[in-house]
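Secondary and tertiary structure notes
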Amino acid sequence: MSRNECKPRRAEADRRAGGGFSRSRLPGASLMAALVWLACGPPGLEERVSAYRQRVEEALGQGPVTRSPRPSLALPDRRARRLAVGDQRIGPFDFLATIGCPLSELVAERNGPLGKVLEPTRRLDHELRVVRAVEDCLPTLSEARADRLRARLVEKRGDLGAHVWNAIWLDGEVERFLSSGPRALIGGNDPNDGGYQLRRAATALEARDVSALESALAQLRDDPGVGPLFESGLTVSTELERVAALVAPVVPEDCGRAETRLARIFLDGFVPLQVEMGAFDRRSGVILEGLGELFEVSARAVEVPEEMAAYRRALVGDAAGGGLWDRQRSAMRRHAAAWGPILRSCGVLPEVAG
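Scanning the protein for helices and strands turns up 16 helices and 0 strands. Each of the 354 residues in the protein was classed as buried or not, and the buried ones make up 44%. Within the protein, counting contacts between residues at least 6 apart in sequence, those at least 24 apart form 80% of the total. When the accessible area of the protein is evaluated, it comes to approximately 18,500 Å², of which 54% is carbon and sulfur surface.

Turning to the packing of aromatic side chains, a few remarks are in order. Between two aromatic rings, the relevant description is the distance of the centres plus the angle of the planes. Applying the stated rule across the entire model yields 7 aromatic pairs. Between W165 and F295, the aromatic rings sit 6.2 Å apart at their centres with planes inclined by 55 degrees, giving tilted as the arrangement. Here F295 lies in helix 14 (residues 274–298) and W165 lies in helix 8 (residues 143–169), a separation of 130 residues in the sequence. Taking the relative accessible area as the measure of exposure, W165 reaches 0% and is therefore buried. The interplanar angle of 50 degrees and the centroid separation of 5.0 Å between the aromatic rings of F266 and W339 together place this pair among those described as tilted. Highlighted residues: F266 in helix 13 (residues 257–270) and W339 in helix 16 (residues 324–345), separated in sequence by 73 residues. You can call F266 buried: its relative accessible area is 10%. Given a relative accessible area of 0%, W339 falls into the buried group.

This paragraph deals with the pattern of salt bridges. Between side chains of opposite charge, pairing is possible as soon as their charged atoms come close. The full count for this structure, using the stated rule, is 23 salt bridges. The partner of E307 in a salt bridge is R79, with the nearest N and O atoms 3.6 Å apart. One end of the pair, E307, is in helix 15 (residues 306–316); the other, R79, is in helix 4 (residues 78–81), and 228 residues separate them in sequence. A relative accessible area of 40% means that E307 is categorised as partly exposed. Notably, a salt bridge pairs R152 with E155, separated by 3.8 Å at the nearest N-O pair. With R152 and E155 both in helix 8 and 3 residues apart, the pair spans about one turn of that helix. With a relative accessible area of 31%, R152 lands in the partly exposed category.

Another point: the packing of helix 12 (residues 227–247) against helix 16. When two helices pack together, their arrangement is given by the angle between their axes and by how far apart the axes lie. At a closest axis distance of 8 Å, the pairing of helix 12 and helix 16 adopts a crossing angle of 25 degrees. When the interaxial angle is binned, helix 12 and helix 16 end up roughly parallel. Between helix 12 and helix 16 lies a crossing of left-handed hand. On helix 16, the residues that touch F230, G233, L234, S237, T238, L240, E241, V243, A244 and V247 of helix 12 are L324, R327, Q328, A331, M332, R334, H335, A338, W339 and I342. In terms of residue class, the contact of helix 12 with helix 16 is made up of 12 nonpolar, 5 polar and 3 charged.

On to a nonpolar patch on the surface. The grouping of L267, V271 and V348 at the surface amounts to a nonpolar patch, some 190 Å² of accessible area in total. Considering the arrangement of structural elements, one finds V348 in the segment after helix 16. The partly exposed category is assigned to V348, whose relative accessible area is 30%.

Turning to the side chain of T235, a few remarks are in order. By the element assignment, T235 lies in helix 12. Of the residues examined, T235 reaches a relative accessible area of 14% and is grouped as buried. With sequence-adjacent residues up to four places away left out, T235 is seen in contact with E46, S50 and R70.

Cut-offs used in this document
Residues numbered from 1 in each chain as written. Predicted model: local features only at pLDDT ≥ 70, side-chain atom pairs only at ≥ 80, totals over all residues. Heavy atoms only, no water. Helix = DSSP H or I, 4+ residues; strand = E, 2+ residues; numbered from the N terminus. Buried < 20%, exposed > 50% of the residue type's maximum accessible area, 1.4 Å probe, protein only. Contact = heavy atoms within 4.5 Å. Areas by Shrake-Rupley, 256 points an atom, 1.4 Å probe, with all protein chains shown as cover. Phe/Tyr/Trp six-rings, centres within 6.5 Å; stacked < 30°, edge-to-face > 60°. Salt bridge = Lys/Arg side-chain N within 4 Å of Asp/Glu carboxyl O. Axes fitted to C-alpha atoms, helices over the stretch in contact; angles between N-to-C directions. Parallel < 35°, antiparallel > 145°, perpendicular 65-115°, else oblique. Left-handed = near helix turned anticlockwise from the far one by under 90°. Nonpolar A, V, L, I, M, F, W, Y, C, P; charged D, E, K, R; others polar. Patch = residues over 30% accessible without salt bridge, like charges linked within 9 Å, V, L, I, M, F, W, Y side chains within 5 Å.

Rendered as structure tokens:
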């Protein structure tokens, strides 16, 4: 059975096994649900939240609404992430004049076969070493050559921001981690420390410590890609927002039949999800916080490409707020507030003296 076939069959099985006001179940409904789950595997969090939303809709006689377009949470392709850098080469006569300075070794290294295909983090390391070497070599050169080299130094410094950016957003492990790529079976010390490693990378980048940066990025290899996690976060938020919009207008005068049915749906359909949702929210928060720090450090000295700016807004927000984690937390708060009156009227939540 394909995954596309599993989702509607799971939803139907959940509806038949768990829907309705009565605690009784339709004959064979539980068996049907069990068979579907065995064929497809246990439903994920987003599927169970969707089934819960469907039960609320049915209890209130509401049909599914037309959904707004979902913002893209996919990492843009490399073309949209790459920042151009200049090609400030040193002429042959000026190169001869630098022999004896560390700069001459770096120039020779860059012009060699391996130097022309440097990985983005290696290129950043090379450019940082070149800037330091030029500064060391300037006092040893004639005035004319020193002036030409100072001009190259200004250009090199101007491009460092782009090299910093490319070192992160063109890195293969970052690309895999932020998508749905499979994790490596070897390498890495903890398959659940991706958020910590993103923050560690941001700290290393700010200190221009390329060795520590590469170590942090290498530790991402054993973490599963978080693209599906982001998509699940968006789905869960959307479903909770829908439930809140359905339940908020209900004004209970007492705990009647309709309120009792709704309270049972909350207890049966949502309460069992709370522990898992809490863990999901914490994991999302750690990863999105680390991603935000990495964006903040890498984007300081560059004009961020528009597609990457949109990606940043969708996931971590900007100065105006927003972002996926803010939406998740807001949806949970709205959902809890909408259920409050019904649950209190039925004695599920205690009244608070005020």
